[in-house]
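Structural features, examined
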Amino acid sequence: MSHPVVLISDPLPTRLTAELNEDFEIRQCTGSNRAALLAAVPEAEALIIRSATRVDQEVLDHAPRLRIIARAGVGLDNVDVDAATRAGVMVVNAPVSNVTSVAELTVGLILSMFRHLPAAHASVRAGEWRRADFQGSELSGKSIGILGFGRIGQLVAERLAPFEVELLTHDPNVTAEFAFAQGVGWMPLDELMSTVDVLTVHVPRTPATTGLIGARELALAKPSLRVVNTSRGGIVDETALASALAAERIAGAALDVFETEPPTHSPLPHLDSVVCTPHIGAGTREAQDRAASTVLGAVRNAFLG
Ligand code: NAD
């Protein structure tokens with residue numbers, strides 16, 4: 001009996017995909033190469049992707065046998081989920097695969113800002129020894145605002161608690177009782193903005209959250225505010241953030257995500273008070289392996305039960 005054809009169109013660790021070899025016919029292609037994808041997809045019953053393969057109506061039209069699209073990661077921006085649903089194709093992803101990685105990066109970025117780590121490192125590498133220029137601040141005793149108290153927001157709270165900080169959150173879908181049980185105070189957004197020394201953003205990007213932190217919200221902040229965004233670009237309005245930082249109305253920002261990536265035309269990476277990373281929140285070996293294992297398991301279940 002022939003095995004179902006599984007097409008893997010973005011790189012996945014072969015030590016993990018090998019688990020499917022017995023029950024499936026594994027084929028590979030480069031999904032970012034449109035012609036190669038359209039040529040390979042007609043016989044596929046399962047398509048496993050990461051972020052480089054775009055699955056739209058045209059791909060679905062070429063894939064009459066397709067039953068499942070499995071995204072080894074979280075974001076489904078590269079999949080037309082409505083079109084897949086209309087075509088009767090199941091779409092699965094791995095929503096919790098990288099939450100620990102993002103939470104850990106968030107803590108790292110906060111410490112990097114408080115102790116000027118990127119600038120201090122660059123200075124030593126340049127042969128300098130300017131100890132007085134890198135006086136930082138302790139995190140201990142500061143107020144940390146967690147915007148969005150979902151999976152990542154809660155992991156960030158757990159990881160910051162040992163630093164002896166005051167933890168606060170704003171999340172309309174979380175009760176004050178729920179937050180309090182985890183040692184975190186709940187506040188309306190405006191009150192949070194005017195209270196905290198760090199605001200770390202962990203909400204999804206939706207029409208309602210785009211520009212959620214804008215000029216009005218930043219105007220409420222204390223001069224000590226540092227903003228961290230490891231969620232999605234555009235939730236913090238970049239123009240408003242850049243002008244608050246340039247005018248030293250707030251103290252700093254750490255950004256893993258940008259409205260446009262790479263942020264070629266943004267002034268933010270060039271400001272001394274900003275620490276930047278190139279959207280590496282999920283970029284750990286553990287997160288990538290977890291994502292791959294989750295979707296390989298989903299494919300197995302879809303065919304073998
Ligand atoms: P989640 O769905 O578990 O939590 C999101 C929380 O945001 C929810 O509790 C929700 O109620 C809350 N929320 C929604 N609207 C809000 C608002 N207006 N104000 C305050 N809170 C609001 O999601 P998660 O797993 O914690 O992930 C959070 C985000 O992190 C994702 O949506 C994604 O954009 C981002 N992310 C980034 C990376 C990266 O590589 N940097 C990787 C993974 C996830």
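The structure we're discussing is the one just above.
Reading the values: the criteria
Residues numbered from 1 in each chain as written. Predicted model: local features only at pLDDT ≥ 70, side-chain atom pairs only at ≥ 80, totals over all residues. Near = placed C-beta within 6 Å. Helix = DSSP H or I, 4+ residues; strand = E, 2+ residues; numbered from the N terminus. Nonpolar A, V, L, I, M, F, W, Y, C, P; charged D, E, K, R; others polar. Buried ≥ 20, exposed ≤ 12 C-beta atoms within 10 Å, placed from the backbone. Core = buried A, V, L, I, M, F, W, Y, C linked by C-beta atoms within 7 Å. Contact = placed C-beta atoms within 7 Å. Pairing = 2+ DSSP bridges. Axes fitted to C-alpha atoms, helices over the stretch in contact; angles between N-to-C directions.

Attention now goes to the site of the ligand. Around the ligand lies a shell of 31 residues, among which Gly-148, Gly-150, Asn-173, Pro-204 and Gly-281 are the nearest. If one sorts the elements of the shell around the ligand by residue count, helix α7 (residues 151-160) sits on top with three residues. When grouped by side-chain class, the residues that make up the shell around the ligand number 14 nonpolar, 12 polar and five charged.

On the secondary structure map, Asn-173 appears in the loop between β7 (166-170) and α8 (176-181). According to the C-beta neighbour criterion, Asn-173 is exposed, with 9 such atoms within 10 Å. Each C-alpha atom of the pair Asn-173 and Phe-149 lies 8.5 Å from the other, and the pair is 24 residues apart in sequence.

One finds Leu-47, Ile-48, Ala-70, Val-227 and Val-295 to be the most contacted residues of the largest nonpolar core, which totals 85 residues. Among the elements that line this core, the one with the most residues is helix α5 (residues 99-114), at seven residues. Setting aside its immediate chain neighbours within four residues, Ile-48 contacts Val-6, Ile-8, Leu-12, Ala-70, Ala-72, Val-295 and Val-299.

With that out of the way, let us pick up the sheet that holds strand β12 (residues 274-276). One open sheet accounts for seven strands, arranged β8-β7-β6-β9-β10-β11-β12; its pairing is parallel. Edge positions in the open sheet fall to β8 (185-186) and β12, since each of these has one partner strand only. Taken together, the four bridges between strand β10 (residues 226-229) and strand β11 (residues 252-255) define a ladder with parallel strand orientation. Bridging from a neighbouring strand, Asn-229 pairs with Leu-255 of β11. Sheet strands touched by α7: β6 (143-147), β7 and β9 (198-201). Its angle to β6, the strand with the most contacts, is close to 165 degrees.

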